[in-house]
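The residues making up each chain are set out below.
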Amino acid sequence: MQKNDIGYQSLHRYIKDGGEMGELTRAFNWEDTVLGNPDDWPQSLLTTLGIILHSKFPMFLWWGPELIQFYNDAFRPSLGKDGRHPAALGQRGEDCWPEVWPVIKPLIDQVMDGGEATWSVDQLIPIFRNGKMEDVYWTFSYSPVNGESGEPAGVLVICNETTDLVAKIKAKEELKNSEEIYQILFTSSPLPKWVYDLDTLKILDVNEVALKRYGYTRNEFLKLTVMDLRPEEEIPQLLAAQKGLASSIGTVYPGTFIHQRKDKTRLKVEIWAARLSFQDTNSLMVVANDVTDSLYYQQLDKLETRILQINVKEDSNLHEVLMNYLTGIEEMHPGMLCSMQRVKNSYLFSMASPSLPKEFLDAIDGAMIGANAGSCGTAAFTRQKVIVADIANDPRWENYKDLAARFNLKACWSAPLFDRGGNVMATFANYFHEVRTPTEHEENTIKRAGRILQVILESFQREQSLKESNEKYFYATEATSDAIWDWDLLAEKISWGQGYKTIFGYDEGLVTEDKQTIAAHIHPDDIDRVLAGLDKAITSTQTNWQDEYRYIKQDGTYAYVIDKGILIRDAAGKATRMVGAMQDITKQHQKEQMLKSLNEKLIEISWMQSHVIRAPLTRIMGLIQLIKDLKMEGAEKDQVLNYLLTSAYELDDVIKNITDKSAMAQGK
């Protein structure tokens, strides 16, 4: 507790300055403590305070049975920021240091009880400061301060915090230990290792595995700096990592980097490093784990998965999918320029090419395939992969090498892509601005890309064919007078074409739930026969079904229909789908019934002609013959003529009857 208006004569006499702590001590309201008014303090306390507060060495004092605390400016930093200072001044020791009291209280008691002073070097005593527990190392002594009675009345602590010094010593010991085990671990490691000077970056030592992996002799490797193991564009990343490595302790993991071999081929390596003292230099031992293969396959798998996911989206676009895929391949293989060409009627047409110049693509668009038609034209013609490592000197590029030179294209590899029928549908090409042949990874990418591109192209072809088929189906159902239907036997759903509404007039929609709904529309006299026929067709092995029956329309009238269907079965022979068409044959049926009735009338007329007409006609013929043969006269002749007239009338009645029936048969 501070009380600036108090002027303690004793404190002003013994503590004239003493820095910040001198000022705080003079201004403190000591009368609120067990020590009371400083003017009543013993000479030994005042003298000791004068020594402490004017000293430049860290000092601390506990006084009296309550161990009231005093300290100087030199000790002040050890209390940390926003911690015990200035509350520690005038505070009881036990209240100030609860976290370490079990450790230091026995030392205080030893001194206060008249024992020897203590001395500790680089002693770890964790304390709470700066808002957290910290491991703090101290070199200190606890010494008695005798009071007026000659007995210890306080404990003087003369100390120095050695945390930074201990850390440096430990680091030095770690460096020394690491150098001792270096030879054991270095030479026997299955991974590439080297040691280099952190200041000059010069390589000081290297193991045999590194020599084999990077393609150098030992003399060549020891003439390099670590920058020589990096591509030029990776140098800034290396130098940035160096700043952290220079002050590192223990093993560190800087990350994954690009390295290059003597032949300039590249590696992706995970780097682990540890500082050590090597040949009296501040050095770093590096372990390089080649993860080129694992990262390559991870990256390739991720790319393929992403592209296939895009491909299956309903709104996917072929050009967009191809551009995404080819761009991803180019990112995996820096310097590679990918291109897709569609083959149609022996000509090549550009499909996708993220990085090739448009002017070049326009120049080769529509080129004819052939034995020496560049890489793509030759690949499509020969149906084989074509690797052209040097365009300028390859006869297959004779007609196009000047064009390639304009755009600095020096190598081109191309592979044909086949559809399921074995026909070349496209080519996949890879261009470079340098003369070169494929690496193992590039060969693998081209091979796998061929399979993925085949899947993409065929899926879009199937989708396009399905789209065209659906359009044809739509227009066919719109144009036909038949009611086309599609019965999903597993889901028990029947879909109808537009003809269903046109013919039967139903407005409730073009999907019915199951065959029972359909059965409700069939004439009661036909239901059992029709359903039995359907069940037989579905449960048997037949592929076709047909029946004729009466189907009720929206207006309540019945239409005579002929219904035909084709059954689609799975591999086990189970019917899963049935597709067919229902045709309204009502008019045809009516005509058939009319013809049947007419035919019956004609048969009746025919019978009349052959039987009824023949009787009077026979009599007439007999009477005429009688008149001719007998040469009758008078009354006898008149009688025969009367018979003849009667027969003629009878014949006339028969002819009228036939005429009437004919008129009825014709609907008149």
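Residues numbered from 1 in each chain as written. Predicted model: local features only at pLDDT ≥ 70, side-chain atom pairs only at ≥ 80, totals over all residues. Heavy atoms only, no water.

1. What to know about the sheet that holds strand S2 (residues 68–71)
Here is step 1: With antiparallel pairing, the 5 strands of this open sheet are ordered in space as S2-S1-S7-S6-S3. Every interior strand has two partners, whereas the edge strands, S2 and strand S3 (118–124), have only one. For this sheet, the mean angle separating the axes of adjacent strands, direction not counted, is 20 degrees. (Pairing = 2+ DSSP bridges. Helix = DSSP H or I, 4+ residues; strand = E, 2+ residues; numbered from the N terminus. Axes fitted to C-alpha atoms, helices over the stretch in contact; angles between N-to-C directions.)

2. Observations regarding the side chain of Ser-414
Here is step 1: Within the secondary structure, Ser-414 sits in strand S16 (residues 411–418).
Here is step 2: With residues near it in sequence (within four places) discarded, Ser-414 still touches Ser-375, Cys-376, Ala-379, Gln-384, Lys-385, Val-386, Thr-427, Phe-428 and Ala-429. (Contact = heavy atoms within 4.5 Å.)

3. Let's talk about the pairing of strand S18 (residues 483–488)
Here is step 1: Sheet analysis places S18 next to strand S23 (residues 575–584), joined by 6 bridges and oriented antiparallel. Among the inter-strand pairings, Trp-487 is bridged to a residue of S23, identified as Met-578.
Here is step 2: Here S18 runs beside strand S19 (residues 493–496); their pairing, made up of 4 bridges, is antiparallel. Residue pairing for S19: Asp-488 is matched across the bridge by Lys-493.

4. What about helix H13 (residues 374–382)?
Here is step 1: Here H13 lies mainly inside the structure; 7 of its 9 residues are buried.
Here is step 2: Here H13 has its buried residues at Gly-374, Ser-375, Cys-376, Gly-377, Thr-378, Ala-379 and Ala-380.
Here is step 3: The secondary structure elements touched by the buried residues of H13 are strand S13 (337–344), strand S14 (347–352), strand S15 (386–388), S16 and strand S17 (424–432). (Buried < 20%, exposed > 50% of the residue type's maximum accessible area, 1.4 Å probe, protein only.)

5. Section: the packing of aromatic side chains
Both the distance between ring centres and the angle between the ring planes are used here to describe each pair of aromatic rings.
Here is step 1: As enumerated under the stated definition, the model contains 24 aromatic pairs in all.
Here is step 2: An angle of 75 degrees between the planes, with centres 5.7 Å apart, marks the rings of Trp-62 and Tyr-142 as edge-to-face. Residue Trp-62 is found in strand S1 (residues 59–63), and its partner Tyr-142 is found in strand S6 (residues 137–146); the two are separated by 80 residues along the sequence. For the pair shown, Trp-62 and Tyr-142 are each scored as buried. (Phe/Tyr/Trp six-rings, centres within 6.5 Å; stacked < 30°, edge-to-face > 60°.)

6. Here's the deal with the pattern of salt bridges
Here is step 1: This structure, assessed with the given rule, holds 23 salt bridges.
Here is step 2: Note that Glu-94 is salt-bridged to Arg-92, the shortest N-O span being 3.8 Å.
Here is step 3: Since its relative accessible area comes to 31%, Arg-92 is described here as partly exposed.
Here is step 4: Of the charged contacts in the structure, one is a salt bridge between Asp-547 and Arg-529, with a shortest N-O distance of 2.5 Å. Taken together, the residues span a long stretch of sequence, with Asp-547 in strand S21 (residues 544–552) and Arg-529 in helix H18 (residues 527–539) at a distance of 18 residues.
Here is step 5: Here Asp-547 falls in the buried class, since its relative accessible area comes to 15%.
Here is step 6: Connected through salt bridges with shared partners, the residues Glu-66, Arg-92, Glu-94 and Asp-95 form a single ionic network. (Salt bridge = Lys/Arg side-chain N within 4 Å of Asp/Glu carboxyl O.)

7. A word on the nonpolar core
A general trend in soluble globular proteins is that nonpolar side chains are found buried together.
Here is step 1: Core analysis: the biggest nonpolar cluster contains 46 residues, and Trp-62, Phe-70 and Trp-97 have the highest contact counts within it.
Here is step 2: Taken together, the elements giving at least two residues each to this core come down to helix H2 (19–27), helix H3 (43–54), S1, S2, helix H5 (101–112), S6 and strand S7 (152–161).
Here is step 3: Residues within four places of Trp-62 in sequence aside, it is in contact with Leu-67, Ile-68, Gln-69, Gly-93, Trp-97, Ile-104, Ile-108, Tyr-142, Ala-153, Gly-154, Val-155 and Val-157.
Here is step 4: Within the second largest apolar cluster, 31 residues are counted, among which are Tyr-325, Ile-329, Phe-432 and Ile-452. (Core = buried A, V, L, I, M, F, W, Y, C linked by side-chain atoms within 4.5 Å.)

Just distances and angles here, no functional claims.
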